[in-house]
Amino acid sequence: MFRRVTQEQFEAIFAAAGKRKCKKFQQILILALETGLRRSELCNLMSLDIDFKSGVVFVNDTKNGFPRLIPMTPRALDAAMKLATSSTSEKLFEMSENAIRMAFEKARSFAGLPSIRFHDLRHEAISRFFEAGLT
């Protein structure tokens, strides 16, 4: 089922995530909403996949098998920079897909939004891209 995530809903989940142990998760939420990346694509990102100068992320490992370039908003670029500077490995961040799912479930529950799914952030991002005239 397709659903839009309002700014108020996102902010509630974002605030709830900030009260949890993993502060990096807030930056992951921003990246998901601002880029439309799938959870698996986020988890596979390496710092080298991001051109911080031009503000573009290269996604090589995609669901459909076709790599793509995604322009990043200033907010997404800032989130990626924060994750990259705090990372202790080549990966942008060290969280598994399951850890992201569980952190999201806890945050949405704490925010009182049990019907919102992590994948809804992707749908919202794509809707925003479309509204901005992007394909």
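Further up the page is the structure itself.
Remember, it's a predicted structure, so these values are computed and weren't measured experimentally.

J.: Explanation requested: the overall build of the chain in the structure shown.
T.: Broken down by element type, the chain carries six helices and three strands. Viewed in the frame of its principal axes, the chain has a C-alpha envelope of about 35 × 35 × 25 Å. By the burial criterion, 41% of the 135 residues in the chain qualify as buried. The long-range fraction of contacts in the chain, counting pairs at least 24 apart against all pairs at least 6 apart in sequence, stands at 65%. Working note: accessible area of the chain is about 7,600 Å², and carbon and sulfur atoms make up 58% of it. One finds the centroid of the 21 positive side-chain charges in the chain at a distance of 6 Å from the centroid of its 15 negative side-chain charges.

J.: Got a minute to help me understand the environment of methionine 81 in this structure?
T.: Positionally, methionine 81 belongs in helix H4 (residues 74-86). Judged by its relative accessible area of 39%, methionine 81 is partly exposed. Separated by 48 residues in the primary sequence, methionine 81 and phenylalanine 129 place their C-alpha atoms 22 Å from one another.

J.: Looking at this model, I keep getting lost on the packing of aromatic side chains. Mind explaining?
T.: Within a pair of aromatic rings, the relevant descriptors are the distance that separates the centres and the angle that separates the planes. Counting across every chain of the model gives two aromatic pairs. For the ring pair phenylalanine 104 and phenylalanine 118, a centre distance of 5.5 Å and an interplane angle of 90° mean the geometry is edge-to-face. Taken as a pair, phenylalanine 104 in helix H5 (residues 97-110) and phenylalanine 118 in helix H6 (residues 118-131) lie far apart in primary sequence, 14 residues in all. Both residues of the pair, phenylalanine 104 and phenylalanine 118, belong to the buried class.

Definitions and cut-offs
Just so you know, the residues in each chain are numbered from 1, in the order the chain's sequence is written. Two thresholds apply to this predicted model, a pLDDT of at least 70 for residue-level local features and 80 or more for giving and counting side-chain atom pairs, whereas whole-chain, interface and lining totals are computed over all residues. By convention in this description, side-chain values take in all heavy atoms of the structure and omit both hydrogens and water. Every helix listed is a DSSP run of H or I at least four residues long, and every strand listed is a run of E at least two residues long, numbered separately from the N terminus. Relative accessibility decides the category of a residue: with a 1.4 Å probe and only protein chains considered, values under 20% of the type maximum give buried, values over 50% give exposed, and everything between is partly exposed. It only takes one pair of heavy atoms within 4.5 Å for two residues to be counted as in contact. Method for areas: the Shrake-Rupley scheme with a 1.4 Å probe, in which residue coverage is limited to the protein chains shown. In summary, the charge assignment counts Lys and Arg as positive and Asp and Glu as negative, without counting His or the chain termini. Every charge is mapped onto a representative atom, which is NZ of Lys, CZ of Arg, CG of Asp or CD of Glu. Two rings belonging to Phe, Tyr or Trp (six-membered ring only in the last case) form a pair when the distance between their centres is within 6.5 Å. Interplanar angles under 30 degrees mark stacking, angles over 60 mark edge-to-face geometry, and anything in between is tilted.

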